[in-house]
Structures are given as structure tokens and as C-alpha cells.
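One-letter residues, chain by chain:
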Amino acid sequence: MYRLLLQLIPAALSHALFCAHLLFHGFGWLSFLPLAAAALLACPRRAALLIQTALLALWTAEWIRSGALLVMARLSEGRSPVLSGIIMTGVALFTLLSMLCLWLRTSKAHFR
């Protein structure tokens, strides 16, 4: 039980981070989608696992895209892009690893 919760927490945090990303960029009414996806973690169905995987892959791609745009914007302004690039890469890797956590044995057994 505790092992399952520890494997689902990174995915829930990834959804919360993406919700904050949407709110920061002014998509307030769309920010419910990652929160609904986080609630879907409690659903023990195989389709829920596939939906979670697809959404987290999409979130990872968006983090990479927005990170690249941020780095290019900082370069064009003459500012250092290193810290922002490291942060965005870290968030993208965290989201990718949280997607992989869903495919561990305990999590797969939860999603049947």
C-alpha cells in the first residue's frame, strides 16, 4: 500500500506542477485538466494507466518546448540562460521519471 502511494506521488506532483504552469501562462479555465488527471490516479483501470502515460508524456514535451523558448528568449535579451535551462530540464526529467514510475510492478498491479 505504502509502496503504491510512493510511486503515485511523483505523478500527482507532476500534474500539480503543470497546473501551476497553465495558471502562470493565463490558462486558468484549462488548469482543471491536470487536476482531473491527478484524481484519475485513484482509478484502478488499465485505461487510466494509458491516459496517465499519454498525459505525462505530453506534459514532458510541453516542459521541453517552453524551456527551449525560455532559454532562447533569455539569450536574445543578453541574459544568462543557464539557471532557467537547468530548472526547466529538471522539471521535464521529473515529469518523465514520474511517468516511468507508473510502469513499476506495484503501480501496474494497481491499474490491472
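Heads up: the structure comes first, above all this text.
Residues numbered from 1 in each chain as written. Predicted model: local features only at pLDDT ≥ 70, side-chain atom pairs only at ≥ 80, totals over all residues. Heavy atoms only, no water.

1. Thoughts on the nonpolar core
In this structure, Leu8, Leu41, Leu56, Trp63, Leu102 and Phe111 are the most contacted members of the largest nonpolar core, which totals 17 residues. Listed by contribution, the elements that provide at least two residues to this core are α1 (2–24), α3 (46–76) and α4 (82–101). When sequence neighbours within four positions are dropped, the list of residues in contact with phenylalanine 111 reads Leu8, Leu40, Leu41, Cys43, Pro44, Arg45, Arg46, Ala48, Leu49 and Leu102. (Core = buried A, V, L, I, M, F, W, Y, C linked by side-chain atoms within 4.5 Å. Buried < 20%, exposed > 50% of the residue type's maximum accessible area, 1.4 Å probe, protein only. Helix = DSSP H or I, 4+ residues; strand = E, 2+ residues; numbered from the N terminus. Contact = heavy atoms within 4.5 Å.)

2. Thoughts on the side chain of serine 31
Mapped onto the secondary structure, serine 31 falls in the loop between α1 and α2 (32–39). Overall, serine 31 belongs to the buried group, its relative accessible area being 8%. A distance of 2.7 Å separates a polar atom in the side chain of serine 31 from the backbone oxygen of glycine 28. In this view, serine 31 contacts Cys19, Leu22 and Leu23; residues no more than four positions away in its chain are not counted. (Polar contact = N/O pair within 3.5 Å; in protein donor to acceptor, adjacent residues only side chain to side chain.)

3. Some thoughts on the packing of aromatic side chains
In total, this model carries two aromatic pairs according to the counting rule given. Measuring from ring centre to ring centre gives 4.1 Å for phenylalanine 18 and tryptophan 59, while their planes differ by 10°; the resulting arrangement is stacked. Taken as a pair, phenylalanine 18 in helix α1 and tryptophan 59 in helix α3 lie far apart in primary sequence, 41 residues in all. For tryptophan 59, a relative accessible area of 6% corresponds to the buried category. For the pair phenylalanine 18 and tryptophan 63, a centre-to-centre distance of 6.1 Å together with 85° between the ring planes defines the contact as edge-to-face. With phenylalanine 18 in helix α1 and tryptophan 63 in helix α3, this pair connects stretches of sequence that are 45 residues apart. There is no split in this pair, since phenylalanine 18 and tryptophan 63 are both buried. The structure contains a cluster of three or more aromatic residues connected by ring pairs, namely Phe18, Trp59 and Trp63. (Phe/Tyr/Trp six-rings, centres within 6.5 Å; stacked < 30°, edge-to-face > 60°.)

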